[in-house]
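Descriptive analysis of the structure
Okay, here's what each chain looks like letter by letter:
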Amino acid sequence: MTVLSRSAVVTRLRAAGCVFAEDEAELLLSIARTPAELDAMVTRRAEGLPLEHVVGWAEFAGVRVAVDPGVFVPRRRTEFLVEQAAALAPAGAVVVDLCCGSGALGVALVAGLTGAELHAADIDPAAVECARRNVTAAGGRVHRGDLFAALPAGLRGRVDVLLANVPYVPSEEIELLPSEARVHEARVALDGGADGLDVLRRVTAEAALWLRPGGRLLFETGERQVPSAVAAVTGGGLTARVATCEERCATVVVATRPAPAPRTP
């Protein structure tokens, strides 16, 4: 088999519409063990498979996580959510990564914490299998099920940081997503219902039962969804703060379970 040159790889990727063809070519050339493997990877990428699914992993917030075919690829903008959580999480924090996908958020957060207890959960069997490899290696546990129903009852009222990277794309806008997401990621990881907030409302309705007093729920949402997202937070008995990062086009809501008022003598 002819060995593909760097220029040939770049040309094939660029012709397929890969915006960062040069960077992707460098990566594929660096990890391919044989010419046949390189050709196969370039072909899969040119056919539209996400780069992370082609190579089997993603770099996210300073850690490398396995990403299996069909599993949601962690977005760079979501690193902002992890940064917000890291600034709030105490040492020894109990961390839950809900709708975890590959488990990237939880793994990245506890990588910078001392003595953290990590739990991750997802309803998608493929995501759970992928997350097990990442989360178990980080010392955590993975559970399969529908939102809080997946979690051990012993976590109720103990969670310091609840990361909920819930789907928030309105159903009618799924078809507008890039094909990498629309075709190659599970719809359950993308579709947030009519206004994109169906899953979020379910999370905020129960979050206060799982958070310790002063514990936080953090989630990403669209800019135009902020008023409705904040309303869902306050309706669930939590207080809300909105953080934005213009550089990464990221909007994160930080919701806190209020601490009980001190008793008067």
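Now for a quick tour of the structure. (Residues numbered from 1 in each chain as written. Predicted model: local features only at pLDDT ≥ 70, side-chain atom pairs only at ≥ 80, totals over all residues. Heavy atoms only, no water.)

1. Points about the nonpolar core
V65, V95, L109, V135, V161, L163 and L218 are the most contacted members of the largest nonpolar core, which has 37 residues in total. It is helix 6 (residues 104-110) that contributes the most residues to this core, 6 residues altogether. The residues touching V95, leaving out its near neighbours within four places in the chain, are L109, V110, L113, E117, L118, H119, V161 and L163. (Core = buried A, V, L, I, M, F, W, Y, C linked by side-chain atoms within 4.5 Å. Buried < 20%, exposed > 50% of the residue type's maximum accessible area, 1.4 Å probe, protein only. Helix = DSSP H or I, 4+ residues; strand = E, 2+ residues; numbered from the N terminus. Contact = heavy atoms within 4.5 Å.)

2. Some thoughts on the pairing of strand 9 (residues 250-256)
A large share of strand 9 lies buried, amounting to 7 of its 7 residues. Across 5 bridges, the pairing between strand 7 (residues 211-220) and strand 9 is antiparallel. Considered in strand 9, the bridge of L217 is made with A255. Connecting the antiparallel pair strand 8 (residues 239-245) and strand 9 is a turn made up of 4 residues, with C249 showing a positive phi of about 50°. (Pairing = 2+ DSSP bridges.)

3. A look at the pattern of salt bridges
Pairing is possible between side chains of opposite charge, provided their charged atoms come close. Tallied over the entire structure, the rule returns 18 salt bridges. Among the ionic pairs, R12 bridges to D39, the shortest N-O distance being 3.0 Å. With a gap of 27 residues between them, R12 in helix 1 (residues 6-15) and D39 in helix 3 (residues 35-46) connect regions that are remote in the sequence. Given a relative accessible area of 24%, D39 falls into the partly exposed group. Between R64 and E59 there is a salt bridge; the shortest N-O distance is 3.0 Å. For R64, a relative accessible area of 53% corresponds to the exposed category. One salt-bridge network, held together by shared partners, links D195, D198 and R201. (Salt bridge = Lys/Arg side-chain N within 4 Å of Asp/Glu carboxyl O.)

4. Comments concerning the environment of A164
Along the polypeptide, A164 turns up in strand 6 (residues 159-164). In this structure, the C-alpha to C-alpha distance between A164 and T204, residues 40 residues apart in sequence, is 9.8 Å. Discounting chain neighbours no more than four positions away, the residues touching A164 are L98, V203, L217, L218, F219 and E220.

5. Digging into helix 3
Here helix 3 contains 12 residues, and its C-alpha end-to-end distance of 16 Å stays within 8% of the 16 Å for a straight helix at 1.5 Å per residue. For helix 3, the elements touching its buried residues are helix 1, helix 2 (21-31), helix 4 (51-55) and helix 8 (179-184). Looking at the residues trailing helix 3, positive phi occurs at G48, about 110°. (Expected span 1.5 Å × (residues − 1).)

6. Section: the pairing of strand 8
Pairing analysis gives 7 bridges linking strand 8 to strand 9, with the strands arranged antiparallel. Following the sheet pairing, C245 is matched in strand 9 by A250.

7. With respect to the packing of helix 1 against helix 2
It is at 9 Å that the axes of helix 1 and helix 2 come closest, and there the two elements cross at 130°. With respect to their mutual orientation, helix 1 and helix 2 come out oblique. At the point where helix 1 passes helix 2, the crossing takes the right-handed sense. Between helix 1 and helix 2, the contacting residues are R6, V9, V10, L13 and R14 on the first element and A21, E22, E24, A25, E26, L28 and L29 on the second. (Axes fitted to C-alpha atoms, helices over the stretch in contact; angles between N-to-C directions. Parallel < 35°, antiparallel > 145°, perpendicular 65-115°, else oblique. Left-handed = near helix turned anticlockwise from the far one by under 90°.)

8. Re the packing of helix 1 against helix 3
Contact pair helix 1 / helix 3: the axes reach a minimum separation of 9 Å and the direction vectors enclose 20°. When the interaxial angle is binned, helix 1 and helix 3 end up roughly parallel. Two packed elements cross with a definite hand, and for helix 1 against helix 3 that hand is right-handed. Contact residues: V9, R12 and L13 in helix 1; L38, D39, V42, T43, R45 and A46 in helix 3. Of the residues that constitute the contact of helix 1 with helix 3, the class distribution is 5 nonpolar, 1 polar and 3 charged. (Nonpolar A, V, L, I, M, F, W, Y, C, P; charged D, E, K, R; others polar.)

Honestly, that's just the spatial picture; any functional story needs more than this.
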